Amino acid sequence: MMIVMKKDATTSQVANVTARIEQMGCQAHISQGEERTIIGIVGNGRPLDHVLIEGLDGVEKTMPILKPFKRASREFHPQDTVVTTNGVTIGGRQLVVIAGPCAVESLDQMLEIAHAVKEQGAQLLRGGAFKPRTSPYSFQGLGEEGLRILGKVRQDTGLGVVTEVMDPEMVPLVTTYADVLQVGARNMQNFALLHAIGKAHRPVLLKRGMMSTMEELLMAAEYVLSHGNDRIILCERGIRTFETYTRNTLDIAAVPLLKQLSHLPVIVDPSHGTGKWELVEPVSRAAIAAGADGLIVEVHTHPEAALSDGAQSLKPDRFATMMQNLGRIAEAVGRTL
Ligand code: PEP
Ligand code: MN
């Protein structure tokens, strides 16, 4: 349920309503808008007495939240959520570009790529130390050694690190090195992982599962939010369809739709969304034009020798060209890159 306070409601009336809600065993979440205050309530399973609540001083009306996702919904939190990490804001006017290789392969590889993407304006570095591979015989990532490499590169470049965690038990370890914990598409409904990440109170990059609906993605976000962690960045990375020329089918409509349904920032992964480096720039342009808050892009200095996802990785010079071209799109939609 949502409580809409009157325009002239006082701070003490808001405090009184909040206290009454908490006495009922519910949680209250205050959203201070320009015109009025809205109080979102997460219930305890029992029906709430809306007549009683509407009788409290300063309350204008109550409204049910009909969607199954509550804290993730726009109604619950009308203003955009802006996630801040390592001095970078995600979800504001400034777009974020997260770039780096699919997997951490060596210290030299990471340093070379990190410096190259930083020079072109990437604000965060990506790189997987734990890789969720389809085949158990494919490169699985360097594990903890990969995390240590990311830590060194972070120190050397100042770039915040985005890296995947696949197992709830690994959350404390990965949190030691990562600025943003990535939940991969294959783990979007790993509920034990979502609970562990919710408790970690660290920004989360939550990727859409390859066979997941918008609602399932937002319900996954709700798991993290239910622990009070609202530093979530949603990521559209394509879904599986009958098309085979692309690795996945990037759902561009997901961007404006998620922005309508939720207050959480939304970014796009054009690399996994297409599987082909030639498609990365055009799809990135479309993502920014559609209102995405940023991109996560795979970049590799030697894609032909990459241990994973070389075919969809941009070389640094192509990344540089893309960044220049994206600046113009960003400007056209009132954003900065
Ligand atoms: C990745 O970002 O390297 C990755 C494995 O992505 P996804 O989970 O979207 O497939
Ligand atoms: Mn990859």
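Here the structure is shown first, and the text comes after it.
(A) The arrangement of the overall build of the chain in detail. On a plain count of helices and strands, the chain comes out with 11 helices and 14 strands. At 21 Å, the chain has a C-alpha radius of gyration in line with the 20 Å of a compact globule built from 337 residues. Taken over the C-alpha atoms alone, the chain extends approximately 70 × 45 × 45 Å along its principal axes. Burial statistics for the chain: of 337 residues in total, 51% are counted as buried. Considering only intrachain contacts with a sequence separation of at least 6, the fraction spanning at least 24 residues in the chain is 68%. Between the averaged position of the 34 positive side-chain charges in the chain and that of its 37 negative side-chain charges there is a distance of 1 Å.

(B) Summary view of the side chain of S271. For S271, the location among the structural elements is in helix α9 (residues 270-274). Apart from residues no more than four positions distant in its own chain, S271 is found in contact with K276, V280, I296, V297, E298 and Q312.

(C) Highlighting the layout of surface pockets. Counted as a void, the largest pocket has a volume near 280 Å³. The wall of the largest pocket is formed by 21 residues, among which P132, R186, R247, H272 and D309 lie closest to the centre. Partitioning the lining of the largest pocket into residue classes produces three nonpolar, nine polar and nine charged.

(D) The coordination of the manganese ion (ligand 2), seen in detail. Taken together, C102 (SG), H272 (NE2), E298 (OE) and D309 (OD) make up the full set of protein donors to the manganese ion (ligand 2), lying 2.0 to 2.3 Å away. Mapped onto the polypeptide sequence, the residues donating to the manganese ion (ligand 2) form the spacing pattern C-x169-H-x25-E-x10-D. Placement of the pair is E298 in strand β14 (residues 294-298) and D309 in the loop between β14 and α11 (316-332), with a sequence separation of 11 residues. For the pair shown, E298 and D309 are each scored as buried.

(E) Summary view of the sheet that holds strand β7 (residues 96-100). With parallel pairing, eight strands are arranged side by side around a closed barrel as β7-β8-β9-β10-β11-β12-β13-β14. The average angle at which neighbouring strand axes cross in this sheet is 25°, direction not considered. Docked against the sheet, helix α3 (residues 107-119) engages β7 and β8 (124-126), running at close to 145° with respect to β8. The strands that helix α4 (residues 144-157) touches are β8 and β9 (160-164); relative to β9, the one it contacts most, it runs at about 165°.

(F) Local environment of the nonpolar core. Within the largest apolar cluster, 64 residues are counted, with the highest numbers of intra-cluster contacts made by V117, I197, L206, L234 and F319. In terms of residue count, helix α7 (residues 214-225) provides more of this core than any other element does, seven residues in total. Residue contacts for I197: discarding those within four places in its chain leaves V165, V171, L181, V183, V204, V224 and N229. Counting residues in hydrophobic clusters, the runner-up holds 13 residues, among them V88, I90, V162 and I296.

(G) View of α11. Here α11 contains 17 residues, and its C-alpha end-to-end distance of 25 Å stays within 8% of the 24 Å for a straight helix at 1.5 Å per residue. For α11, every residue scored as buried is listed here: F319, A320, M322, M323, L326 and A330. Contacts made by the buried residues of α11 are with β7, α3, α10 (277-289) and β14. At the exit of α11 stands G334, carrying a positive phi of roughly 75°.

Rules used throughout
- Residues numbered from 1 in each chain as written.
- Chains lettered and ligands numbered in written order.
- Predicted model: local features only at pLDDT ≥ 70, side-chain atom pairs only at ≥ 80, totals over all residues.
- Heavy atoms only, no water.
- Helix = DSSP H or I, 4+ residues; strand = E, 2+ residues; numbered from the N terminus.
- Rg over C-alpha atoms; globule rule 2.2 N^0.38 Å.
- Buried < 20%, exposed > 50% of the residue type's maximum accessible area, 1.4 Å probe, protein only.
- Contact = heavy atoms within 4.5 Å.
- Lys, Arg positive; Asp, Glu negative; His and termini not counted.
- Charge placed at Lys NZ, Arg CZ, Asp CG, Glu CD.
- 1 Å grid on protein atoms, 1.4 Å probe; cavity = no way out; pocket = protein on both sides within 12 Å on 5 of 7 lines; lining within 4 Å.
- Points joined across faces, edges and corners; volume = space filled by probe spheres on them.
- Nonpolar A, V, L, I, M, F, W, Y, C, P; charged D, E, K, R; others polar.
- Donors = N, O, S within 2.8 Å, 3.2 Å for Na, K, Ca; no water.
- Pairing = 2+ DSSP bridges.
- Axes fitted to C-alpha atoms, helices over the stretch in contact; angles between N-to-C directions.
- Core = buried A, V, L, I, M, F, W, Y, C linked by side-chain atoms within 4.5 Å.
- Expected span 1.5 Å × (residues − 1).

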